[in-house]
Amino acid sequence: MTHLRTRAVHAGQHPDPASGAIAMPITQSTAFAYGSLERGAAIFAGEAEGYRYGRYGNPTVAALEAKMADLEGAEAAVAFASGTAATAATVLALLQPGDELVFLGPLYGGTEGLLRSLGERWGLRVTDATATGLAASLGPTTRMVWVEPLTNPSLQMHDLAAVAATAHAHGALTVADNTFCTPCLTRPLAHGIDLVVHSMTKYLGGHGDATGGLVAGRAAHIAQIRKTGLGHIGASLAAQEAFLFLRGIKTLPLRMAAHCDGALAVARFLAGHPAVRTVHYPGLPSHPQHALAQRQMEGGFGGMVTLELAQGERSAAAGVLNALKLFAQAVSLGDVDSLACHPASTTHSFVSPEARAAAGVGEGMIRLSVGIEHPDDLIADLDQALASLAA
């Protein structure tokens, strides 16, 4: 299978040999019979394939992991109960107290909050390299570099190939949170990144009805992360959730095309509106990294649009958000429904005001997750909401 659209449907899944079912069955079982003491011992020792206990693996979850490993071009993948669980398992499995993790921001507020509050409590040193540059921030104990190809919420971009080359020359592992782009738009491993993290809750599921996370990369790394995240922490993904993600990913390429088309239309409208000071969207020629976006992203520029109002107060953002009718005010993103939020009071409320200011997350910023509705209807909704500022 060559094309992503075909692989999204078929990778990791085959008609069920017992029933012929096309949809992957939900294996709702906590334990699995292994038949003999000898086979059970071999499975527990990792010397034989098989399932033993639901915390460690499940056939429905395994199909999802195989599908995502295929789409990301990875040797293996492991699924978790949330994106945050995937992040925590990756850090805990691969770093030791005294190690340094360097990140290029701005990061999703939940990730930065986890790294700074829990990571530093675990004995990790966490360094923000956004202002100083990656090369200048790498030190003798740097073991991991964390990056978002498309940052949340300011939609800045990082050159993945350059990040990988700089980090690897220093002997550090690289991790990219690919939630915003999905493998439809960017495949970080193809640019030299070691591990890819997803909040599957967003675009991979796509329908706002399942919570999950995933890490993909080399088999040796994934084995370590699986042992830590599932065996020790127990952050396992349920079979029902895995089924929903398998279903959602089948339409991922089609949905991402609609998200990208709608977001570009919305961004162009906002860029010409007098109530809007700045529009952050990599598909606009005005974006400072538009050339990088054209080179690093395939098939579109994503479904996220962030705007900064000319009136930069929280009251102005509240006026616009409270006037929206089609856009639901909610965090999360990547749903077929369009969503809008105020990052400073929601997704980035986990970080300090100083960190928000450094990341450019102001009180007049609004983040839009453009769904698959017709762009004309979304633009009309935004137009009437922005008109409330002049009322």
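Residues numbered from 1 in each chain as written. Predicted model: local features only at pLDDT ≥ 70, side-chain atom pairs only at ≥ 80, totals over all residues. Heavy atoms only, no water.

Draft legend 1. Spotlight on the sheet that holds strand S7 (residues 213-217). Taken together, seven strands build an open sheet; the order of strands is S1-S7-S6-S5-S4-S2-S3 and the sheet is mixed. A strand with exactly one partner marks an edge of an open sheet, and here the two such strands are strand S1 (76-80) and strand S3 (125-128). For this sheet, the mean angle separating the axes of adjacent strands, direction not counted, is 20 degrees. Contacts from helix H9 (residues 219-232) reach S1, strand S5 (173-177), strand S6 (195-199) and S7, with the element oriented near 20 degrees to S1. (Pairing = 2+ DSSP bridges. Helix = DSSP H or I, 4+ residues; strand = E, 2+ residues; numbered from the N terminus. Axes fitted to C-alpha atoms, helices over the stretch in contact; angles between N-to-C directions. Contact = heavy atoms within 4.5 Å.)

Draft legend 2. Layout of helix H13 (residues 314-323). When H13 is considered as a whole, its buried residues turn out to be Ala316, Ala317, Val320, Leu321 and Ala323. On the buried face of H13, the contacting elements are strand S9 (304-309), strand S10 (328-329), strand S11 (339-341), strand S12 (365-369) and helix H15 (375-387). (Buried < 20%, exposed > 50% of the residue type's maximum accessible area, 1.4 Å probe, protein only.)

Draft legend 3. A look at the pairing of S5. Counting buried residues in S5 gives five out of five residues, a clear majority hidden from the surface. In S5, alternate side chains face the same way, and those of Leu173, Val175 and Asp177 on one face and Thr174 and Ala176 on the other are all buried. Here strand S4 (residues 142-147) runs beside S5; their pairing, made up of four bridges, is parallel. Each bridged residue has a counterpart across the sheet, and for Val147 the counterpart in S5 is Ala176. For the crossover from S4 across helix H7 (residues 160-169) to S5, the handedness is right-handed. Across three bridges, the pairing between S5 and S6 is parallel. Directly across from Ala176, in S6, lies its bridge partner Val196. (Right-handed = clockwise from strand over helix to strand, strands pointing away.)

Draft legend 4. Region of interest: the nonpolar core. Leu64, Leu270, Tyr281, Val305, Leu309 and Leu368 are the most contacted members of the largest nonpolar core, which totals 72 residues. Counting residues per element, this core draws most heavily on helix H11 (residues 252-271), which supplies eight residues. Not counting residues within four places of it along the chain, the set of residues in contact with Leu368 comprises Val266, Leu270, Gly303, Met304, Val305, Leu307, Phe327, Leu339, Ala340 and Leu382. (Core = buried A, V, L, I, M, F, W, Y, C linked by side-chain atoms within 4.5 Å.)

Draft legend 5. Layout of the environment of Gly35. As for its placement among the helices and strands, Gly35 is situated in the loop between helix H1 (4-10) and helix H2 (37-44). Sequence separation between Gly35 and Ala81 is 46 residues, and the spatial gap between their C-alpha atoms is 29 Å.

Draft legend 6. Focus on unusual backbone geometry. For the bond running from Gly105 to Pro106, omega is 0 degrees, close enough to zero to count as cis. Along the chain, Pro106 turns up in the loop between strand S2 (100-104) and helix H5 (109-121). Positive phi is not limited to glycine here, since Thr182 has a value of about 60 degrees. One can find Thr182 in helix H8 (residues 182-185). We note that Ser332 has phi near 70 degrees; this positive angle belongs to a residue other than glycine. The residue Ser332 is located in the loop between S10 and S11 in this model.

Draft legend 7. Summary view of the sheet that holds strand S8 (residues 276-280). Reading across from one edge, S8-S9-S12-S11-S10 is the order of the five strands in this open sheet, with mixed pairing throughout. The two strands at the open ends of the sheet, each matched to only one other strand, are S8 and S10. Note: S10 against S11, two bridges, orientation parallel. Following the sheet pairing, Ala328 is matched in S11 by Leu339.

Draft legend 8. Spotlight on the side chain of Thr174. Tracing the backbone shows Thr174 in strand S5. Excluding its chain neighbours within four sequence positions, the residues that come into contact with Thr174 are Val145, Val163, Ala164, Ala167, His168, Gly192, Ile193, Asp194 and Leu195.

Draft legend 9. Main features of H11. Here H11 contains 20 residues, and its C-alpha end-to-end distance of 28 Å stays within 8% of the 28 Å for a straight helix at 1.5 Å per residue. Of the residues making up H11, those classed as buried are Leu252, Pro253, Arg255, Met256, His259, Cys260, Gly262, Ala263, Leu264, Val266, Ala267 and Leu270. (Expected span 1.5 Å × (residues − 1).)

Draft legend 10. Layout of the layout of surface pockets. In this model, the largest pocket occupies a volume close to 810 Å³. For the lining of the largest pocket, the elements supplying multiple residues, two or more each, are H2, helix H3 (59-72), S1 and H9. The element best represented in the lining of the largest pocket is H9, accounting for eight residues. Broken down by class, the residue content of the lining of the largest pocket amounts to 15 nonpolar, six polar and five charged. The space that makes up the second largest pocket amounts to roughly 400 Å³. For the second largest pocket, the lining is made up of 27 residues, of which Tyr108, Asn152, Thr179, Ser199 and Lys202 are closest to its centre. (1 Å grid on protein atoms, 1.4 Å probe; cavity = no way out; pocket = protein on both sides within 12 Å on 5 of 7 lines; lining within 4 Å. Points joined across faces, edges and corners; volume = space filled by probe spheres on them. Nonpolar A, V, L, I, M, F, W, Y, C, P; charged D, E, K, R; others polar.)

Draft legend 11. Local environment of the environment of Thr6. Tracing the backbone through its elements, the reader meets Thr6 in helix H1. Remark: the alpha-carbon pair of Thr6 and Leu214, spanning 208 residues in sequence, is separated by 21 Å.

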